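# Coordinate analysis (summary)
Here is how the chains run, residue by residue.
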Amino acid sequence: MVTTAALPTPRLRWTVVVSTVILHLLALLALLPSNFSWRAIGIAVFLHALTQGLGISLGFHRMASHRSLRVPLWLEHLFILLGTLAFQGGVYGWVGYHRLHHKHTDQALDPHSASKGFWWSHINWLMHTVPTQSLLPRMTQDIRDDKFYQFCHNHYITLQVALGLLLYLMGGMPFLVWGIFVRLLVSFHGTCFVNSACHKFGYRSTDTDDMSTNCWWVAILTYGEGWHNNHHACQSSACFQKSWWEIDPVWQVIRLLQAVGLAQKVKTAN
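Residues numbered from 1 in each chain as written. Predicted model: local features only at pLDDT ≥ 70, side-chain atom pairs only at ≥ 80, totals over all residues. Heavy atoms only, no water.

Looking now at the layout of surface pockets. Size it by volume and the largest pocket reaches roughly 1,300 Å³. Phe-87, Gln-88, Gly-89, Tyr-156 and Phe-188 are the residues nearest the centre of the largest pocket, which is lined by 43 residues in total. Every element with two or more residues in the lining of the largest pocket is listed here: α1 (14–27), α2 (38–65), α4 (91–103) and α8 (156–195). Examining the composition of the lining of the largest pocket, we find that 14 residues originate from one element, α8, more than from any other. Here the lining of the largest pocket is built from residues that sort into 22 nonpolar, 19 polar and two charged. Empty space within the second largest pocket amounts to approximately 150 Å³. Taken together, Asn-230, Ala-233, Cys-234, Ser-237, Cys-239, Phe-240, Gln-241, Lys-242, Thr-268, Ala-269 and Asn-270 form the lining of the second largest pocket. Looking at the lining of the second largest pocket, its residues break down into five nonpolar, five polar and one charged. (1 Å grid on protein atoms, 1.4 Å probe; cavity = no way out; pocket = protein on both sides within 12 Å on 5 of 7 lines; lining within 4 Å. Points joined across faces, edges and corners; volume = space filled by probe spheres on them. Helix = DSSP H or I, 4+ residues; strand = E, 2+ residues; numbered from the N terminus. Nonpolar A, V, L, I, M, F, W, Y, C, P; charged D, E, K, R; others polar.)

Following this line, the structure appears as C-alpha cells:
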C-alpha cells in the first residue's frame, strides 16, 4: 500500500517539456498562407474524429480503461491503434493513470488531482514524474499480456512518424501541419481539459464525492467526454449523457455497434 508520506517529490520531465513546447511551435506553421488548405483541414478533422473520438474516447477510455463494452478482438485492436495515433502516450500509461484517477479522484494519489490547481490537473502533472507511476503495472494487469497492446505502447512514436510521412506524401506540408501538428495539439488539450476544466467549470448533475463537473464546450471538443460528472457518477457506464441535450457522439457509435452485433456487454447506468 502506498501512503502519501512515502511519495517522492515530483521532478521535471524535460523530454516531455521540450516535446510539448516543440508541438505548440510546429502547430503555429498553420498560420503560414502556404500551409492553408481546405483539404488539409478536412484531413485533420477526419483524423481527429478517428483518433480522439474512436481511439481515445471509445478505445482507450470506455473500452480499455473501464471495460464498459466488449467488441471483437480485431475491432478492439483497431480502436487501440487509433488511440495510439492520438499520440497521448503509451496505452498502458494512459489506462493506468486514468484508473488511478478514478480510484483516488482529487486526492493525493490522483496523478492529476484538481485539488492541486487548474494548471497541475491540465498539463503540469505531465511535465513531472508522477509519484504513483510505480503502480501502473498493477493497474493494467488485464491488458499487459496482449501483444498488440504491447506493440502500440512500445512504438507509438514510430507509428506517428509513419502517419506523418504518409500525409506528407499525400499532400505535402499542409497535410503534415494540419493532419499531425494541429490535430495533435487540439486533441492533446481536449483531453487535458477533461482533467482540468471538468473539475472546475460547469454544473453537477450528481453530488459525487469529488470535484467533477459537466462542461458543454469540453464535450464538443472530445465527442462527449465533457459530461464528466455524469461519468464519475457511474464510471462503468458506456453512456455519458443523462439529459437529452447532453449529446454524446461516442455513445451513438456504441449504440450502432451494438445494433449490428459488434458490441456486447454494453454497460449503462440504467
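Structure's up, so let's keep going.
Let us look at the UniProt feature "transmembrane region" (unreviewed entry) in the protein chain. The positions UniProt marks with the feature "transmembrane region" (unreviewed entry) are residues 12–32, 38–61, 73–97 and 148–169. In this annotation, residues 38–61 is assigned 100% helix and 0% strand; the end-to-end C-alpha distance for the span is 31 Å. The straight-line gap between the two end C-alpha atoms of residues 148–169 is 27 Å; of that span, 95% is helix and 0% is strand. (UniProt positions renumbered as here; feature names shortened; annotations may be inferred.)

Attention now goes to the nonpolar core. Residues Leu-69, Ile-80, Tyr-149 and Ile-254 are the most contacted members of the largest nonpolar core, which totals 28 residues. When contributions to this core are tallied by element, the ones reaching two or more residues are α2, α3 (73–84), α4, α7 (147–154) and α11 (249–259). When residues in this core are grouped by element, the largest group, five residues, is from α2. Residues contacting Leu-69, with those up to four places away along its chain left out, are Leu-58, Arg-62, Met-63, Ile-254, Ala-263, Gln-264, Lys-265 and Val-266. Residues Ala-40, Ile-41, Val-182 and Leu-184 belong to the second largest nonpolar core, which totals 21 residues. (Core = buried A, V, L, I, M, F, W, Y, C linked by side-chain atoms within 4.5 Å. Buried < 20%, exposed > 50% of the residue type's maximum accessible area, 1.4 Å probe, protein only. Contact = heavy atoms within 4.5 Å.)

For Phe-201, the position within the fold is in the loop between α8 and α9 (216–221). The sequence separation of Phe-201 and Met-63 amounts to 138 residues, and the corresponding C-alpha distance is 26 Å. When near neighbours in sequence (up to four residues on either side) are disregarded, Phe-201 contacts Phe-118, Thr-213, Asn-214 and Cys-215.

So, on to the pattern of salt bridges. Applying the stated criterion across every chain yields a total of seven salt bridges. Residues Glu-225 and Arg-62 are paired through a salt bridge, measuring 3.1 Å at the closest nitrogen-oxygen approach. Highlighted residues: Glu-225 in the loop between α9 and α10 (228–233) and Arg-62 in helix α2, separated in sequence by 163 residues. Close ionic contact of Asp-142 with Arg-99 constitutes a salt bridge, the shortest N to O distance being 2.7 Å. One end of the pair, Asp-142, is in the loop between α6 (136–139) and α7; the other, Arg-99, is in helix α4, with 43 residues separating them in the sequence. (Salt bridge = Lys/Arg side-chain N within 4 Å of Asp/Glu carboxyl O.)

Each α-helix winds once per 3.6 residues, and so residues spaced three or four apart point in a common direction. With 13 residues, α4 should cover 18 Å at 1.5 Å per step; its first-to-last C-alpha distance of 18 Å lies within 8% of that length. Counting buried positions over the 13 residues of α4 gives 12, a clear majority of the element. Here α4 has its buried residues at Val-91, Tyr-92, Gly-93, Trp-94, Val-95, Gly-96, Tyr-97, His-98, Arg-99, Leu-100, His-101 and His-102. Of the surrounding elements, those touching the buried residues of α4 are α2, α3, α6, α7, α8 and α10. (Expected span 1.5 Å × (residues − 1).)

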